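Coordinate inspection notes
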Amino acid sequence: MSYGPGRMGFGLFVPQFKSVFSLSSSTVGFIASLGFCGFFVGLLAAQALLNRMGPKTPVLTGLFSALTGMGMIALAQDTVMLATGVFLAASSAGFAWTPFNDPVHRKIRDWDRPTALARISTGTSIGVVAAGLAALALVFADLPWRYCWAFFAIAALAAFILNWSVLRRIDKPQPNATAMPWRELCSFAASPLFAIAFVYGANSAIYISFAPDAFFAHGGIAGIPKAATPALVFLCYGVFGLTGLLAGDVKQAIGMSWLLRLLMSASALSLILVGILPASDSALLVSAGLQGVHVMMTSAVLAFWSERLFPDIPSLSFTAALLASAAGSILGPATAGSLSDTFDPATMFLATATLPVATACILRDRHARERSVRPDTPEPYRYPQSQS
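Along every chain, residues carry numbers that run from 1 in the direction the sequence is written. It should be noted that, the model being predicted, local features are given only for residues of pLDDT at least 70 and side-chain atom pairs only at 80 or more, the latter also being counted only at that level, while totals for whole chains, interfaces and linings use all residues. Values shown for side chains rest on all heavy atoms present in the structure; no hydrogens or waters enter the calculation.

Attention shifts here to the packing of aromatic side chains. In this scheme Phe, Tyr and Trp rings, the latter by its six-membered ring, pair at centre separations within 6.5 Å, and the angle between planes marks the pair as stacked below 30 degrees, edge-to-face above 60, and tilted otherwise. Counting across every chain of the model gives 11 aromatic pairs. Ring centres of Phe13 and Phe17 lie 6.2 Å apart, and the angle between their planes is 45°; this geometry places the pair in the tilted category. Exposure is judged per residue with a 1.4 Å probe applied to protein chains only, and the accessible area is read against the type maximum: over 50% gives exposed, under 20% gives buried, and values in between give partly exposed. For Phe13, a relative accessible area of 3% gives the class buried. Look at Phe17 and you get buried, because its relative accessible area is 1%. When the ring of Phe21 is compared with that of Trp145, the centres are 6.3 Å apart and the planes differ by 65°; the resulting orientation is edge-to-face. Here the residue Phe21 occupies a position in helix α2 (residues 14-21), and Trp145 occupies one in helix α9 (residues 145-167), the gap between them amounting to 124 residues. Like Trp145, Phe21 is buried. Among the aromatic residues, those joined into a cluster by ring pairs are Phe10, Phe13, Phe17, Phe21, Trp145, Trp149, Phe151 and Phe152. The criterion for a charge sitting over a ring is simple: Lys NZ or Arg CZ within 6 Å of the ring centre, and within 35 degrees of the ring normal. The lysine or arginine in question, Arg7, covers the ring of Phe39, its NZ or CZ lying 4.9 Å from the ring centre. Sitting over the ring of Trp164, Arg168 keeps its end group 4.9 Å from the ring centre. Secondary structure counts use DSSP, requiring at least four H or I residues in a row for a helix and at least two E residues in a row for a strand, with both numbered from the N terminus.

What follows concerns the packing of helix α12 (residues 247-254) against helix α14 (residues 281-309). Between the N-to-C directions of two axes lies an angle of 0 to 180 degrees, each axis being a line fitted to C-alpha atoms and, for a helix, fitted only over the stretch in contact. Two elements in contact, α12 and α14, have axes separated by 9 Å at closest approach and are oriented at 75°. Overall, the two elements α12 and α14 adopt an arrangement that is roughly perpendicular. Packed against α12, whose contacting residues are Ala247, Gly248, Val250 and Lys251, the element α14 presents Met297, Ala300 and Phe304 at the interface. When describing relative orientation, an angle under 35 degrees is termed roughly parallel and one over 145 degrees roughly antiparallel, while 65 to 115 degrees is termed roughly perpendicular and anything else oblique. Contacts are assigned to residue pairs that have any heavy atoms within 4.5 Å of one another.

For the rest of this paragraph, the subject is the side chain of Thr352. With respect to the element layout, Thr352 can be found in helix α16 (residues 345-362). As used in this structure description, the phrase polar contact means that two N or O atoms lie within 3.5 Å; if the pair is within protein, one of them must be able to donate a hydrogen and the other to accept it, and residues adjacent in sequence are counted only when both atoms belong to side chains. Side-chain polar atoms of Thr352 contact the backbone oxygen of Met348, separated by 2.8 Å. Apart from residues lying up to four places away in sequence, Thr352 is in contact with Asn203, Ile206 and Leu271.

Without a salt bridge and with relative accessible area above 30%, a residue can belong to a patch; like charges are then joined within 9 Å and nonpolar side chains (Val, Leu, Ile, Met, Phe, Trp, Tyr) within 5 Å. Using a 1.4 Å probe, accessible areas were evaluated by the Shrake-Rupley method; residue-level cover was limited to the displayed protein chains. Salt bridge, as used here, is a side-chain nitrogen of Lys or Arg placed within 4 Å of a carboxyl oxygen of Asp or Glu. A surface patch of nonpolar side chains, about 350 Å² in accessible area, is lined by Ile126, Leu242, Leu245 and Leu246. Within the secondary structure, Leu245 is located in the loop between α11 (229-241) and α12.

Looking at the element boundaries, Ala228 is found in the loop between α10 (191-217) and α11. Taking the C-alpha atoms as reference points, Ala228 and Leu12, separated by 216 residues in sequence, lie 9.9 Å from one another. Dropping the residues within four chain positions of it, Ala228 is found in contact with Leu136 and Val139.

This part takes up the confidence of the model for the chain. Predictor confidence is given residue by residue as pLDDT, running from a minimum of 0 to a maximum of 100. Overall, the predicted model of the chain reaches an average pLDDT of 89, with 94% of residues at or above 70. Low pLDDT (under 50) marks residues 380-388, which in the prediction has 14 contacts with non-local residues, meaning those over four places away or in another chain.

The subject of this paragraph is the side chain of Ser33. Structurally, the position occupied by Ser33 is in helix α3 (residues 25-53). The exposure class assigned to Ser33 is buried, which follows from its relative accessible area of 6%. Among the polar contacts made by the side chain of Ser33, one reaches the main-chain amide nitrogen of Ala334 at a distance of 2.9 Å. Other than its neighbours up to four places away in sequence, Ser33 contacts Ser329, Ile330, Pro333 and Ala334.

Within the secondary structure, Ala153 is located in helix α9. Sequence-wise, Ala153 and Gly71 are 82 residues apart; in three dimensions their C-alpha atoms are separated by 5.7 Å. Apart from residues lying up to four places away in sequence, Ala153 is in contact with Leu67, Met70 and Gly71.

Positioned with a positive phi, Ser22 is a non-glycine residue whose angle comes to about 55°. Along the polypeptide, Ser22 turns up in the loop between α2 and α3. Judged by relative accessible area, Ser22 falls into the exposed class, the value being 64%. Unusually for a residue other than glycine, Asp142 sits at a positive phi of about 55°. The topology assignment puts Asp142 in the loop between α8 (123-141) and α9.

Next comes the structure, spelled out in structure tokens:
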């Protein structure tokens, strides 16, 4: 709910928002960036709440924020109310994800953690697919877009109740488990993690904010109502994003550096296809699918990579990685909206694609280390393959 409709739902309805609220591309970019600013604030607040109260409080705070924000969007009468709802809905992602890293680190053995973290992050795909299906159903039922956001709000309430019933049984971390100062995260060995996170945040935010509308503006897929185009983008994005479940296995097979190069290349190709072939049916399917693979697999990589670099503070280190991602998400859409208005959408998408291309070219094997940045931290025990 938080990373699906909460963080990405705005992009699903940009064509309707532009029509109802008379939004320019620059305004769309500003509102999207404001949402990711909420994500940034939520990340900071979640870490403080986790340290003091355990994982239940930040997760439930995030889901309540999602419920409130989605309800505001459903009832929005002007741009200010819409933007405030987007801010609150997107902030839920900052509150609700990183607190899971701490109990995973404390409750699940080392060998199984990458798989567990990949499964948690891939819940985004389920949320994206559900959002796309809901929007598609509204198109064929000829219902207003506000009904969809009302449905999201009800689903957020259900997620709140479910997480309350489960997480109340999880104890909070020991005080010394989260006592490491933030400054110790500023390690040169961790800089590739934060650089990848920043580029990932910028790419994914620009794509989800502008790509559905770009395909919509060029007619969508032949034989399917034009209004269904953003929903189809979300469906392809979410379905292919389920490959995030395999992130840990692929990393074991080809290594972290090659996995990251492939994911950055997938993102670049996805953006290029939107820029040069926005009227192509196959380009829509391939582009959305590649972006889904990039987003879901990279988010899983950030989860278990940060845990490997900082095993003493798995939640705080993941928060730091996501703060870098959020910084990219804040700067990306606002800049992209201005570029789109100044030049054209094609130029904006092609310019954005240079970020992952440059990252893939610069990345070296030594950058993707999986050992603790602190030399005095013992290497975790690796369970044999037969016991995984």
